Amino acid sequence: MHKDQASGLRRLMAGPSPRILSLLSATTMLDQARLLENLAASLQHQGSHALILDATQQSLHHNVYDDISPEQGTLLEAVMQPNNTMSLINISGHGYSVAKLLPGKSASRFLNHADIMLQVQQQFKNMASEHDVVLVDAALNGQDTMPLDMLNNGEILIHMTRDANSITQAYSLIKQLSQQIGRRSFGIVVSQANEAQAQLLFQNIAEVARNYLYIQLDFMGLIPTDEHLGRAAKLGRSVVDAFPMAKASAAFKNLAGKIDHNHGLLAATFS
């Protein structure tokens with residue numbers, strides 16, 4: 001009851017605009033989904049009503065989100081089939097919402113239709129306004145920009161690991177974005193590492209981005225290697241719910257705590 005009252009008070013004080021964060025993945029689809037699901041669950045646990053929007057172009061039949069089914073409608077379908085009564089939002093067992101932007105890879109041809117995508121963007125705004133925080137699982141489109149125009153001006157985070165391919169992919173994403181939407185800062189979230197490894201990784205990529213792209217990167221959080229993440233997933237629960245004292249739970253609580261609807265992301269950099 002207290003959490004519901006706090007969440008409602010924040011929405012009343014802050015107005016209808018939610019905090020929207022787009023996360024680009026330089027790791028596997030499964031790692032990305034587990035990060036977002038656990039973060040959304042942590043936000044709900046702390047009293048913020050969260051929405052995950054899957055804005056990738058993966059087929060629903062190969063969906064990695066537990067709370068999206070092939071029968072669930074997408075924002076694009078809502079625009080293309082306005083009389084269809086399919087549900088656009090599923091509510092997870094943790095209370096957060098889950099929605100999908102596109103019905104599959106075949107829908108990518110509509111990304112270049114400005115009128116259609118403007119309507120999709122309005123659908124997204126309407127859906128987002130009902131939540132405190134929106135976490136967008138994003139992927140760059142053919143123009144190396146975000147799938148919705150409004151996301152290009154919003155907060156963008158890169159999720160990466162210490163794997164060599166992940167490091168290369170993360171820098172490529174940062175470079176592509178900076179070339180298309182201009183110089184700006186991006187947040188970095190590191191997973192599958194300890195604190196010392198994450199610090200070294202961030203310092204290295206931040207230095208390269210500063211020297212060659214003339215942009216600043218901000219360290220937003222570390223999700224450490226923790227066997228409890230896998231154990232919680234097998235139980236069909238979030239790690240903060242199943243193992244609240246685990247290292248990963250503390251990390252997700254910390255990251256969720258930085259996402260404040262009234263004050264935005266409180267970025268922290270390694271000293």
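Residues numbered from 1 in each chain as written. Predicted model: local features only at pLDDT ≥ 70, side-chain atom pairs only at ≥ 80, totals over all residues. Heavy atoms only, no water.

Another point: the nonpolar core. Judged by nonpolar contacts, the single largest core of 49 residues is most densely connected at L24, V120, F124, V136, I174, V190 and L217. The leading source of residues in this core is helix α7 (residues 195-213), at seven residues. Those residues in contact with V136 that sit more than four places away from it in its chain are I20, L21, S22, L23, L53, A55, F124 and L151. Core analysis: the next-biggest nonpolar cluster, separate from the first, contains 32 residues, Y65, I68, L135 and V239 among them. (Core = buried A, V, L, I, M, F, W, Y, C linked by side-chain atoms within 4.5 Å. Buried < 20%, exposed > 50% of the residue type's maximum accessible area, 1.4 Å probe, protein only. Helix = DSSP H or I, 4+ residues; strand = E, 2+ residues; numbered from the N terminus. Contact = heavy atoms within 4.5 Å.)

Turning our attention to the sheet that holds strand β3 (residues 90-91). If you trace the eight strands from one edge of the open sheet to the other, you get β3-β4-β2-β5-β1-β6-β7-β8, paired in mixed fashion. Of all the strands in the sheet, the pair left with one neighbour each is β3 and β8 (217-224). Relative to strand β5 (residues 133-138), strand β1 (residues 19-25) is paired through six bridges, and the arrangement is parallel. By the bridge assignment for β5, R19 is matched with V133. Along the sheet, helix α2 (residues 29-45) contacts β1, β2 (50-54), β5, β6 (155-160), β7 (186-193) and β8; its crossing angle with β5, the most-contacted strand, is approximately 180 degrees. (Pairing = 2+ DSSP bridges. Axes fitted to C-alpha atoms, helices over the stretch in contact; angles between N-to-C directions.)

Another aspect to go through is the pairing of β5. With six of six residues buried, β5 is to be regarded as a mostly interior element. Burial along β5 is two-sided: V133, L135 and D137 facing one way and V134, V136 and A138 facing the other are all buried. Bridge analysis of β2 against β5 gives five bridges, and the strand direction is parallel. Along β5, the bridge assignment pairs L51 with V134.

Its identity is not glycine, yet Q192 carries a phi of approximately 60 degrees, on the positive side. When you line up the elements, Q192 lands in strand β7. At Y214, a position not held by glycine, the phi torsion is positive, near 60 degrees. Tracing the chain through its elements places Y214 in the loop between α7 and β8.

Chain-level statistics for the protein chain give a pLDDT mean of 85 and a share of 82% at 70 or above. pLDDT under 50 marks residues 261-271. Its contacts with residues more than four places away, or in other chains, come to 36 contacts. (pLDDT = per-residue confidence, 0-100.)

Throughout the structure, instances matching the rule amount to five salt bridges. The partner of K100 in a salt bridge is D54, and the shortest N-O contact between them spans 2.9 Å. You can see K100 sitting in strand β4 (residues 97-100) and its partner D54 sitting in strand β2, a full 46 residues away along the chain. With a relative accessible area of 1%, K100 lands in the buried category. (Salt bridge = Lys/Arg side-chain N within 4 Å of Asp/Glu carboxyl O.)

In this section: helix α10 (residues 247-258). Between its terminal C-alpha atoms α10 stretches 17 Å, which fits the 16 Å expected from 12 residues at 1.5 Å a residue. Among all positions of α10, only A248, S249, A251, F252, L255, A256 and K258 are buried. (Expected span 1.5 Å × (residues − 1).)

Within the element layout of this structure, D137 appears in strand β5. Buried charge without a salt bridge: D137, with K100 as the nearest opposite-charge side chain at an N-O distance of 7.7 Å. Here Q32 takes part through its side chain, which lies 3.3 Å from a polar atom of the side chain of D137. Among residues more than four places away in sequence, those in contact with D137 are L23, Q32, L36, L53, D54, A55, T56 and Y65. (Lys, Arg positive; Asp, Glu negative; His and termini not counted. Polar contact = N/O pair within 3.5 Å; in protein donor to acceptor, adjacent residues only side chain to side chain.)

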